[in-house]
Amino acid sequence: MTEATRPPRQGLLERLDAGLLLCAEGYLFELERRGYLQAGAFVPEVVLDHPEQVTALHRDFVHAGSDVVEALTYYAHREKLRAVGKDGLLEEMNRQALAMAREVAEESGALLAGNVCNTNLYDPENAETHTATRAMFEEQVAWAAEADVDYVIGETFRYAGEAEIALEVIRASGLPAVITLAAGQQPQTREGGSLADSCRRLADHGAAVVGLNCIRGPDTMLPLLPEIVDAVDVPVAALPVPYRTRDQQPTFQSLRDSQDPAVSEGRAFPTALDPFTCNRYEVARFATAAWDLGVRYLGLCCGAGPHHVRSMAEALGRKPEASRYSDDMSKHAFFGTDPGLQQHNRDYRDRL
Ligand SMILES: [Zn+2]
């Protein structure tokens, strides 16, 4: 594959200058639901075991309105693969994920993003882990650069210090960096610092976009955004999980479902979150509210399906290909209004 084979397209910064950038994430959860990935370790072995499923989901998300194809290298890093005894697959998994994402980016004209994430190794008190963390980012970013990505996403960082290492490594490669932090039950970094201050530092050190992703749902992420928007001059990102988190349970790991005895300790995460799933109208309202706050890089993380992405796109004035199939209840046999429908069914609507 050479540079010449890729259709000309605007880069990350040009698209953001023009307005909105929509990025679908959440590959692990969606592929887990589809039966191709194991909850728990959440290692994306699907990239090697069922590449056609990953390619299909890339296409689904672009069809639904994502401007970006994000390579599924989340948790395809040395520490995670070591933990499941699969270190030997590291390079193959990364290169394959990047190649598949590239294929869909090329055919669709979407941006191609590399990805690094929380290492689960980084410990602020242990300088040796900083060196190892940097090395992990360096190998993944190098593979992304070789795949000619448009930019690299560094995401789901609870530690600001780890996010800063990721940023340094991405910037050293010459690629634009989108860096998003993950806010837990306490709306601060894991070091205990301010999210807005951390975002400002990341922006000052060259991040093209900063913000939040994952962990919090729309209702508990939205209140954190104004301070970040005020703190930085670069575009701000917001990619919540599509779950109905709330003040007392602000993260999807803290959501409790006392109704189902099968749910261990009442904790719905990660395999019993279904009853908490946001509907498409809720994520649409988040999209417009975040846009009104000044957020320009929007999307969804773990739990998102293509219907959520389409709904966000439409809420922001887009009409992706999938909008051809957006709902039209006028011809519904019972609830419809079309004069060609059978009246005896329409009369029955309130008894359904
Ligand atoms: Zn996520």
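Residues numbered from 1 in each chain as written. Predicted model: local features only at pLDDT ≥ 70, side-chain atom pairs only at ≥ 80, totals over all residues.

1. Observations regarding the overall build of the chain
Helix and strand counts for the chain stand at 14 helices and 8 strands. In terms of overall dimensions, the chain is globule-like: its C-alpha atoms have a radius of gyration of 21 Å, near the 20 Å expected for 352 residues. Overall, the chain is about 75 × 50 × 45 Å in size when its C-alpha atoms are taken along their principal axes. Restricting the contact set of the chain to residue pairs at least 6 apart, pairs at least 24 apart contribute 74%. (Helix = DSSP H or I, 4+ residues; strand = E, 2+ residues; numbered from the N terminus. Rg over C-alpha atoms; globule rule 2.2 N^0.38 Å. Contact = placed C-beta atoms within 7 Å.)

2. Digging into helix H4 (residues 51–64)
Spanning 14 residues, H4 covers 20 Å between terminal C-alpha atoms, matching the ideal 20 Å at 1.5 Å per step. Restricting attention to buried positions, one finds in H4 the residues Val-54, Leu-57, His-58, Phe-61, Val-62 and Ala-64. Down the axis of H4, the buried side of the element spans an arc of 165 degrees, and every buried residue falls inside it. Where the residues of H4 are buried, they touch strand E1 (21–24), helix H2 (27–33), helix H3 (46–49), strand E2 (68–70), helix H6 (90–108) and helix H13 (306–315). Of the residues flanking the end of H4, it is Gly-65, one or two places downstream, whose phi is positive at about 125 degrees. (Expected span 1.5 Å × (residues − 1). Buried ≥ 20, exposed ≤ 12 C-beta atoms within 10 Å, placed from the backbone. Arc of directions from axis to C-beta.)

3. Section: the packing of H4 against H13
Following both chains from N to C, one finds H4 and H13 inclined at 25 degrees, their axes separated by 8 Å at the closest point. With respect to each other, H4 and H13 are oriented roughly parallel. Between H4 and H13 lies a crossing whose hand is right-handed. Only Pro-306, Val-309, Arg-310 and Ala-313 of H13 make contact with H4, whose side of the interface consists of Asp-60, Phe-61, His-63 and Ala-64. Split by residue class, the contact of H4 with H13 holds 5 nonpolar, 1 polar and 2 charged. (Axes fitted to C-alpha atoms, helices over the stretch in contact; angles between N-to-C directions. Parallel < 35°, antiparallel > 145°, perpendicular 65-115°, else oblique. Left-handed = near helix turned anticlockwise from the far one by under 90°. Nonpolar A, V, L, I, M, F, W, Y, C, P; charged D, E, K, R; others polar.)

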